[in-house]
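Close look at the chain arrangement
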Amino acid sequence: MTDMIRLPDELGQLLKAHREAAGLSKKYVAQRAGKVREVIYRLEAGDDVTVSSMLAVLAALGLALRIDKVGMPTMQEVAARFAEEDEGDGEDSAAGSQH
């Protein structure tokens, strides 16, 4: 399986897919990586974590990091990503105002 990761949330989606395909819980992966469960939540959400935490989680999933030369994300890719985030924020705000 070859995946091109250029944005943090793409990494998160890929890690989540690998974890779920292996039938592993966030708690199990965190324990295996020697990290707290919050690290798994943050990685899968595309949030910042330390490089050492990311590498530990990759190892816990039996994955490795590979660096290949590629271009930067296109403006369309970045704009689409921000549009998705804006749409998600609107849903969260609407859900929050109902409570």
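Located above this text is the structure these notes cover.
Residues numbered from 1 in each chain as written. Predicted model: local features only at pLDDT ≥ 70, side-chain atom pairs only at ≥ 80, totals over all residues. Heavy atoms only, no water.

1. Details of the packing of helix H1 (residues 8-21) against helix H3 (residues 37-45)
Under the convention used in this document: Working convention: axes come from line fits to C-alpha atoms, limited for helices to the stretch in contact. Angles between N-to-C directions cover 0 to 180 degrees. The helix count covers DSSP runs of H or I at least four residues long, the strand count covers runs of E at least two residues long, and both are numbered beginning at the N terminus. Angle categories: roughly parallel below 35 degrees, roughly antiparallel above 145, roughly perpendicular from 65 to 115, and oblique for all the rest. By definition, residues are in contact when any of their heavy atoms lie within 4.5 Å. For this classification, the nonpolar set comprises Ala, Val, Leu, Ile, Met, Phe, Trp, Tyr, Cys and Pro, the charged set comprises Asp, Glu, Lys and Arg, and every other residue, Gly included, is treated as polar.
At a minimum axis separation of 6 Å, H1 and H3 run at an interaxial angle of 120 degrees. One finds that H1 runs oblique with respect to H3. Touching Asp9, Leu11, Gly12, Gln13, Leu15, Lys16 and Arg19 of H1 are Ile40, Leu43, Glu44 and Ala45, all from H3. Grouping the constituent residues of the contact of H1 with H3 by class yields 5 nonpolar, 2 polar and 4 charged.

2. Overview of the pattern of salt bridges
Proximity of charged atoms lets side chains of opposite charge pair with each other. We count it as follows: Criterion for a salt bridge: a side-chain nitrogen of Lys or Arg within 4 Å of a carboxyl oxygen of Asp or Glu. Only protein chains enter the accessibility calculation, which uses a 1.4 Å probe. A residue is then buried if its area is under 20% of the maximum for its type, exposed if over 50%, and partly exposed in between.
One pass over the structure, following the stated rule, counts 4 salt bridges. The residue Arg19 makes a salt bridge to Glu44 at a minimum N-O spacing of 2.6 Å. Of this pair, Arg19 sits in helix H1 while Glu44 sits in helix H3; the two residues are 25 residues apart in sequence, bridging distant segments of the chain. Given the relative accessible area of 6%, Arg19 is considered buried. In this structure, the salt-bridge partner of Asp68 is Arg66, at a minimum N-O distance of 3.1 Å. Each of Arg19, Glu20, Lys26 and Glu44 takes part in one network of salt bridges that share partners.

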